[in-house]
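One-letter residues, chain by chain:
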Amino acid sequence: MSEVFSARTAGPAAPGVEDPDLARARDGDDAAFTRLVQPLRRELHAHCYRMLGSTHDADDALQDALLRAWRGLARFEGRSSLRSWLYTVATRTCLDTVETRGRRALPVDLGPSSDRAVVGDAPLTDVAWLGPYPDAGLGDGPAGPGARYEQREAVELAFVAALQHLPGNQRAALLLFEVLGFSAAEIATTMNTSTTSVNSALARARRVVAEKIPPATQQRTLRQIDDARVREIVTGYSAALERGDADALVALLTEDVTWSMPPLAHWYRGLEAVTDFAVRIPLTICGNWRHLPTGANGQPAVAGYLRHGDTGPHLAWSIDVLTLRGGRIAEVTSFIGPGHFTPFGLPASLS
């Protein structure tokens, strides 16, 4: 690859023509470096999230990666595009994080489901939990001509959760090849290994992911469901919680629905167990709900605000990511904690 990155188009400049900002950045102009990387920040951040399963970890990894790139820019010789080089730096930064922090989990990874509501369930603070990702600004199509996954498919909860079961090298190889469209040879250079090792890592990663993700992605499912029905589901889910209407909520769920609430360890599978949980906890003892629609992990989601008592503001409580199947909700993943709201640009309270 001999093309040179153009900051305006995030693509190659004319052959043999170096972007003036690249020369300025090599000379120490940090404003020029910022202009170069700005068009790529969003996709690099999404890559870091896929690798790490946490928006906050992705923030830290991207900041660290860009600092490494800034300090090492003099070593960038232009044999590949600046985009490819930045992905190399970001991937290596994430691999360092994976090595020190391990993988992130969802409640379904920790144990079997509960048949009845567990009242007073306490958060597990010693578990590194998977977190939601705001999908605003993500593209709809593939990130590269050789990519197998669409950009939104590659942040869906099932896919990112499956990635967490892979060692770092397999995770990186799969993302670089199937999500970003890099060749096995390019990935070998990125990871300081051989093409044979990359192909072996890809084969193992594909087997694990195929076992853990559903046959239909949420993007395919959402295209098959009328947009009005998706809005109806989101509105109906929110309204049922706000009214404490169990019948309206149950009517939106599949028979095999699951509901989990990281950082709480207990989770529920099947309409009977989920109904028992919903009736006894979110529809009654939690308090008074209000909701705002949002989008997370390429899926419909709602931001839940909770008020305890009869007065005062509703405070940020959870981001509920809805997984749909056949026009109903097959999975609710409620990411509890106000810290999830800031990356979504959501307010901390509703008056």
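Not measured: the values here are computed from a predicted model.

Visitor: Could you give an account of the overall build of the chain, with specific residues and numbers?
Guide: For the chain, the count of helices and strands is 13 helices and nine strands. Relative to its length of 351 residues, the chain is compact, with a C-alpha radius of gyration of 22 Å against a globular reference of 20 Å. Over its C-alpha atoms, taken along the principal directions, the chain stretches across nearly 65 × 45 × 40 Å. For the chain, the proportion of contacts with a sequence separation of at least 24, taken over those separated by at least 6, is 64%. Summed over its atoms, the accessible surface of the chain is roughly 15,900 Å², and 51% of this surface lies on carbon and sulfur atoms.

Visitor: Describe the nonpolar core, with residues and values.
Guide: The biggest cluster of nonpolar side chains holds 72 residues, and the ones touching the most others in it are Leu73, Trp85, Leu86, Phe159, Leu174 and Ile319. Here this core takes eight residues from helix α5 (residues 82-101), the largest share from any one element. Each residue touching isoleucine 319, except ones within four places of it in the same chain, is listed here: Pro132, Ala296, Val302, Ala303, Thr333, Ser334, Phe335, His340, Phe341, Phe344 and Leu346. Core analysis: the second largest hydrophobic core is formed by 32 residues, Leu252, Leu264, Leu271 and Leu322 among them.

Visitor: Tell me about the pairing of strand β5 (residues 288-296), and please be specific about residues and values.
Guide: Two strands pair when backbone bridges link them, and β5 and strand β6 (residues 299-307) are joined in this way by nine bridges, in the antiparallel orientation. Bridged to asparagine 288 within β6 is arginine 307. Counted along the chain from β5 to the antiparallel partner β6, the turn is two residues long, and its residue asparagine 297 has a positive phi close to 55°.

Visitor: So what's going on with the packing of aromatic side chains? Which residues, and what values?
Guide: Applying the stated criterion to the full structure yields nine aromatic pairs. Between the aromatic rings of phenylalanine 33 and tryptophan 70, the centroid separation amounts to 5.3 Å while the plane-to-plane angle is 50°, which identifies the pairing as tilted. One end of the pair, phenylalanine 33, is in helix α2 (residues 30-37); the other, tryptophan 70, is in helix α4 (residues 55-71), with 37 residues separating them in the sequence. Residue classification places phenylalanine 33 among the buried positions, given a relative accessible area of 7%. Its relative accessible area of 27% is what places tryptophan 70 among the partly exposed residues.

Visitor: I'd like a description of the pairing of strand β8 (residues 328-336), backed by residues and values.
Guide: Strand direction decides the pairing type here: strand β3 (residues 253-260) and β8, joined by four bridges, are parallel. Paired with tryptophan 259 across the two strands is valine 332, which belongs to β8. The pairing of strand β7 (residues 314-325) with β8 spans eight bridges and is classified as antiparallel. The residue bridging valine 321 from the neighbouring strand is threonine 333, located in β8. What sits between the antiparallel neighbours β7 and β8 is a turn of two residues, in which glycine 326 has the positive phi angle 60°.

Visitor: For the state of the cysteines, give the residues involved together with the corresponding values.
Guide: A complete count under the given rule lists zero disulfides for this structure. Looking at the unpaired cysteine 94, the closest cysteine sulfur is the one in cysteine 48, lying at 3.6 Å. You can call cysteine 94 buried: its relative accessible area is 0%.

Visitor: I'd like a rundown of the packing of α5 against helix α7 (residues 168-179), residues and numbers included.
Guide: Between α5 and α7, the least distance of the axes is 10 Å, while the angle of their chain directions is 150°. Regarding the angle of α5 to α7, the classification is roughly antiparallel. Note that α5 runs across α7; the crossing there is right-handed. Touching Thr91, Leu95 and Val98 of α5 are Gly168, Asn169, Arg171, Ala172 and Leu176, all from α7. Here the contact of α5 with α7 is composed, by residue class, of four nonpolar, three polar and one charged.

Visitor: Could you give me a rundown of the environment of arginine 71, with the residues and numbers involved?
Guide: Structurally, arginine 71 can be placed in helix α4. On the accessibility criterion, arginine 71 (65% relative accessible area) is exposed. Along the chain, arginine 71 and glycine 28 lie 43 residues apart, while their C-alpha atoms are 9.3 Å from each other.

Visitor: Please give an account of α2 that cites residues and values.
Guide: Taken together, the buried positions of α2 are occupied by Ala32, Phe33, Leu36 and Val37. One side of α2 carries all its buried residues, which in axial view fall inside an arc of 125°.

Visitor: If you had to explain the packing of helix α3 (residues 41-52) against α7 to someone new, which residues and values would you point to?
Guide: As a packed pair, α3 and α7 sit with axes 10 Å apart at the nearest point and diverge in direction by 140°. Of the possible angle classes, the one that applies to α3 and α7 is oblique. α3 and α7 meet at a crossing whose hand is right-handed. Here α3 contributes His47, Arg50 and Met51 to the contact with α7, which in turn contributes Gly168, Arg171, Ala172, Leu175, Leu176 and Val179. A per-class count over the contact of α3 with α7 returns five nonpolar, two polar and two charged.

Visitor: Could you give an account of the pattern of salt bridges, with specific residues and numbers?
Guide: Side chains carrying opposite charge are able to pair once their charged atoms draw close together. Applying the stated criterion across every chain yields a total of 16 salt bridges. Glutamate 272 serves as the salt-bridge partner of arginine 116, at 3.1 Å between the closest nitrogen and oxygen. Within this pair, whereas arginine 116 is found in the loop between α5 and α6 (157-163), its partner glutamate 272 is found in helix α13 (residues 271-285), the two being separated by 156 residues in sequence. Close ionic contact of arginine 223 with glutamate 150 constitutes a salt bridge, the shortest N to O distance being 3.3 Å. Placement of the pair is arginine 223 in helix α10 (residues 218-224) and glutamate 150 in the loop between α5 and α6, with a sequence separation of 73 residues.

Visitor: Requested: an account of the side chain of histidine 47, with residues and values cited.
Guide: Secondary-structure assignment places histidine 47 in helix α3. At 2.9 Å, the side chain of histidine 47 and the side chain of threonine 91 are in polar contact. The residues touching histidine 47, leaving out its near neighbours within four places in the chain, are Tyr87, Ala90, Thr91, Leu175, Leu176 and Leu180.

Quick notes on the rules
Residues numbered from 1 in each chain as written. Predicted model: local features only at pLDDT ≥ 70, side-chain atom pairs only at ≥ 80, totals over all residues. Heavy atoms only, no water. Helix = DSSP H or I, 4+ residues; strand = E, 2+ residues; numbered from the N terminus. Rg over C-alpha atoms; globule rule 2.2 N^0.38 Å. Contact = heavy atoms within 4.5 Å. Areas by Shrake-Rupley, 256 points an atom, 1.4 Å probe, with all protein chains shown as cover. Core = buried A, V, L, I, M, F, W, Y, C linked by side-chain atoms within 4.5 Å. Buried < 20%, exposed > 50% of the residue type's maximum accessible area, 1.4 Å probe, protein only. Pairing = 2+ DSSP bridges. Phe/Tyr/Trp six-rings, centres within 6.5 Å; stacked < 30°, edge-to-face > 60°. Disulfide = S-S within 2.5 Å. Axes fitted to C-alpha atoms, helices over the stretch in contact; angles between N-to-C directions. Parallel < 35°, antiparallel > 145°, perpendicular 65-115°, else oblique. Left-handed = near helix turned anticlockwise from the far one by under 90°. Nonpolar A, V, L, I, M, F, W, Y, C, P; charged D, E, K, R; others polar. Arc of directions from axis to C-beta. Salt bridge = Lys/Arg side-chain N within 4 Å of Asp/Glu carboxyl O. Polar contact = N/O pair within 3.5 Å; in protein donor to acceptor, adjacent residues only side chain to side chain.

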